[in-house]
Amino acid sequence: MVKHNNVIPNIHCKKKYLESSRGPLKVKLALNQAGKKKSRRLARAAKAAAIAPRPLKLLRPAVHCPTQRYSAKVRLGKGFTLEELKAAGLTAQYARTVGIAVDHRRTNRCNESLTRNVARLEEYKSKLVVFPKKRLSKVKNGDSSRDECRRSNDKSVNARNSVSYNIQA
């Protein structure tokens with residue numbers, strides 16, 4: 001407990017000190033900020049190229065923010081409800097395997113958001129290309145045809161077919 005009428009100690013330790021033989025004397029500078037930014041950007045691009053036909057992020061639903069102040073704002077949610085998946089003709093287990101986020105705790109409170117998210121799922125399903133597990137195996141139920149698989153390897157087609165993540169209110 002602080003005694004007497006002194007200034008409340010609330011120092012702002014923003015500087016990072018480097019340890020030296022004479023103690024923490026040298027201030028650490030972040031002069032590599034631009035280089036780190038570039039390397040992070042290149043790492044993201046390399047990851048996107050490595051998983052090429054697949055999207056980089058999961059498909060997420062459009063939800064309204066909580067509380068009266070922010071309820072007009074629409075943002076991306078954690079995952080689609082089981083009701084939305086059922087209306088789109090998907091199971092939760094299958095949806096997780098094809099890049100769709102699922103949140104079993106979320107519930108639908110209005111029909112507008114339900115129809116909006118079902119439309120997002122339908123659009124994603126229409127552009128989805130499912131490759132067979134083994135490259136030369138026979139095409140099974142749920143897999144895309146060989147022509148669709150060949151076309152999806154084209155980078156220009158992938159850029160055109162990606163589902164937009166921009167949310168309109």
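Undergrad: I keep staring at the layout of surface pockets and nothing clicks. Help me out?
TA: Any empty space left between the atoms is revealed when a probe the size of a water molecule rolls over them. Volume-wise, the second largest pocket comes out at about 300 Å³. Surrounding the second largest pocket, Ala62, Val63, His64, Cys65, Pro66, Arg75, Arg106, Thr107, Asn108, Arg109, Cys110 and Ser113 form its lining. Top element by residues in the lining of the second largest pocket is strand β3 (residues 62-64). It accounts for three residues. In the lining of the second largest pocket, the residues fall into five nonpolar, four polar and three charged.

Undergrad: What's the story with the nonpolar core in this structure? I'm lost.
TA: Burial of nonpolar side chains together is a common tendency in soluble globular proteins. The biggest cluster of nonpolar side chains holds 14 residues, and the ones touching the most others in it are Leu59, Phe80, Leu85, Leu90, Ala95, Ile100 and Leu121. With four residues, the single largest contributor to this core is helix α5 (residues 111-127). Once residues within four sequence positions are removed from consideration, Leu85 is found in contact with Phe80, Leu90, Ala92, Ala95, Ile100, Val102 and Leu121.

Undergrad: Honestly, the pattern of salt bridges in this entry has me stumped. Any pointers?
TA: Note that side chains of opposite charge can pair when their charged atoms are close. A complete count under the given rule lists three salt bridges for this structure. For Arg105, the salt bridge goes to Asp103, with nearest N and O atoms at 3.4 Å. Exposure remark for Arg105: the relative accessible area of 57% places this residue in the exposed category. When its relative accessible area of 8% is taken as the criterion, Asp103 is described as buried. Among the ionic pairs, Lys127 bridges to Glu123, the shortest N-O distance being 3.2 Å. Remark: Glu123 and Lys127 occur in helix α5; sequence separation between them is four residues, near one turn of the helix. Classification of Lys127 as partly exposed rests on a relative accessible area of 28%.

Cut-offs and rules
- Residues numbered from 1 in each chain as written.
- Predicted model: local features only at pLDDT ≥ 70, side-chain atom pairs only at ≥ 80, totals over all residues.
- Heavy atoms only, no water.
- 1 Å grid on protein atoms, 1.4 Å probe; cavity = no way out; pocket = protein on both sides within 12 Å on 5 of 7 lines; lining within 4 Å.
- Points joined across faces, edges and corners; volume = space filled by probe spheres on them.
- Helix = DSSP H or I, 4+ residues; strand = E, 2+ residues; numbered from the N terminus.
- Nonpolar A, V, L, I, M, F, W, Y, C, P; charged D, E, K, R; others polar.
- Core = buried A, V, L, I, M, F, W, Y, C linked by side-chain atoms within 4.5 Å.
- Buried < 20%, exposed > 50% of the residue type's maximum accessible area, 1.4 Å probe, protein only.
- Contact = heavy atoms within 4.5 Å.
- Salt bridge = Lys/Arg side-chain N within 4 Å of Asp/Glu carboxyl O.

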